[in-house]
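# Structural overview for review
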Amino acid sequence: MPVRRRYSNATFTKRVDHQGGRHRPSRAISEPAVCKECGAVYAGRRWTAARSTSTKSQDEHLRPAEITLCPACKQQRTGEPCGFVFLDGDFFSSHAEEIEQLLRNEAKRAAEDNPLARAMEFKRGDGHKLTVSTTTEHLAQRLGHAVEKAFCGSVHYDFSHENKMARVSWRRD
Ligand SMILES: [Zn+2]
């Protein structure tokens, strides 16, 4: 009688379909996860903006979400931006509130699309009329486009791909 290999029940019930992320670095977050600061949800290997309460409680019913800190909130704590927007020129002085509001609204919309893209700080008078720091290069670029589209002026994009940094300079005199 041939020797039959014994399989424990665990061998058969082991689910491999949820372990696609195993080869990733150990810092990979277990899913689902919720950011304790901003409520962003990590599932399907991506972060999405905080969802409505009803959807969220449904997910929590399926499996308790891990409480964590999303990369953007970590970045805000360490204060290490990936993008800057510098605003200068006389036009800024006479339209400061409008311009800043436009940038804040644009950043808010960007965060709805991608919760990791965020404006970190709006700083007046630090060598520029206004400096906006962002968590992503792309957001700095997007803010540059938005201010140029709304208020004309000229915009210059300076990317350093080595250290993943975007510096966007806008001015209108
Ligand atoms: Zn967060």
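Residues numbered from 1 in each chain as written. Predicted model: local features only at pLDDT ≥ 70, side-chain atom pairs only at ≥ 80, totals over all residues. Heavy atoms only, no water.

## Regarding the pairing of strand S5 (residues 83–88)
Where burial is concerned, most of S5 is hidden: six out of the six residues are buried. Here S5 runs beside strand S7 (residues 130–134); their pairing, made up of five bridges, is antiparallel. Within S7, the position partnered with Val-85 by the bridge is Val-132. Alignment of S5 against strand S9 (residues 165–171), held across six bridges, turns out to be parallel. Pairing of Asp-88 across the sheet is with Arg-171, part of S9. (Buried < 20%, exposed > 50% of the residue type's maximum accessible area, 1.4 Å probe, protein only. Helix = DSSP H or I, 4+ residues; strand = E, 2+ residues; numbered from the N terminus. Pairing = 2+ DSSP bridges.)

## Description of unusual backbone geometry
At the junction of Glu-31 and Pro-32, the peptide bond is cis and its omega measures out at -10° in the coordinates. Relative to the helices and strands, Pro-32 is located in the loop between helix H1 (9–13) and strand S1 (33–35). Backbone geometry at Arg-45 places phi at a positive 65°, although glycine is not the residue there. Along the chain, Arg-45 turns up in the loop between strand S2 (41–43) and strand S3 (46–48).

## Looking at the coordination of the zinc ion
Six octahedral donors around a metal ideally sit at 90 or 180 degrees from one another, while four tetrahedral donors ideally sit at 109.5 degrees. Within the protein, the atoms that donate to the zinc ion are Cys-35 (SG), Cys-38 (SG), Cys-70 (SG) and Cys-73 (SG), at distances of 2.2 to 2.3 Å. As a motif over one chain, the donors of the zinc ion read C-x2-C-x31-C-x2-C. Of the two residues, Cys-35 sits in strand S1 while Cys-73 sits in helix H3 (residues 71–78), which places them 38 residues apart along the sequence. The burial state of Cys-35 is the same as that of Cys-73; both residues are buried. (Donors = N, O, S within 2.8 Å, 3.2 Å for Na, K, Ca; no water.)

## Brief notes about the packing of aromatic side chains
The final tally for this structure, using the stated rule, is five aromatic pairs. Plain terms: the ring middles of Phe-84 and Phe-86 are 5.8 Å apart, the flat faces sit at 5° to each other, and that makes the pair stacked. In this structure, Phe-84 and Phe-86 share a single accessibility class: buried. Each residue in the set Phe-91, Phe-151 and Trp-170 is aromatic and connected to the rest through ring pairs, giving one cluster. The lysine or arginine in question, Arg-104, covers the ring of Phe-122, its NZ or CZ lying 3.9 Å from the ring centre. Taking the ring centre of Phe-91 as reference, the NZ or CZ of Arg-172 above it sits at 3.8 Å. (Phe/Tyr/Trp six-rings, centres within 6.5 Å; stacked < 30°, edge-to-face > 60°. Lys NZ or Arg CZ within 6 Å of the ring centre and 35° of its normal.)

## Some points on the confidence of the model for the protein chain
Should pLDDT be low for a region, the predicted coordinates there are not to be read in detail. Scored by pLDDT, the protein chain has a mean of 83; 77% of the residues are at 70 or more. Element-level pLDDT for the protein chain is lowest in H1, with a mean of 46, against a maximum mean of 98 in S5. Across residues 8–26, confidence stays below pLDDT 50; counting only partners more than four residues off in sequence or on other chains, it has eight contacts. (pLDDT = per-residue confidence, 0-100. Contact = heavy atoms within 4.5 Å.)

## Observations regarding the side chain of Thr-68
For Thr-68, the position within the fold is in strand S4 (residues 66–68). Those residues in contact with Thr-68 that sit more than four places away from it in its chain are Ile-29, Ala-33, Val-34, Cys-35, Lys-36 and Trp-47.

## Notes on the environment of Glu-112
Its place among the elements puts Glu-112 in helix H5 (residues 96–113). Judged by its relative accessible area of 53%, Glu-112 is exposed. For the pair Glu-112 and Thr-48, spaced 64 residues apart in sequence, the C-alpha to C-alpha distance is 8.0 Å.

## Digging into the sheet that holds S5
If you walk across this open sheet you meet the five strands as S6-S7-S5-S9-S8, and the pairing is mixed. Single-partner strands in this sheet number two, and they are strand S6 (119–124) and strand S8 (154–160). Strand-to-strand twist across the sheet, computed as the mean angle between neighbouring axes with direction ignored, equals 15°. In this sheet, S7 lies alongside S6 in antiparallel orientation, the contact comprising five bridges. Residue Phe-122 lies in a different strand from S7, and its bridge partner there is Val-132. Along the sheet face, helix H6 (residues 137–151) touches S5, S6, S7, S8 and S9 and points at about 15° away from the line of S9. (Axes fitted to C-alpha atoms, helices over the stretch in contact; angles between N-to-C directions.)

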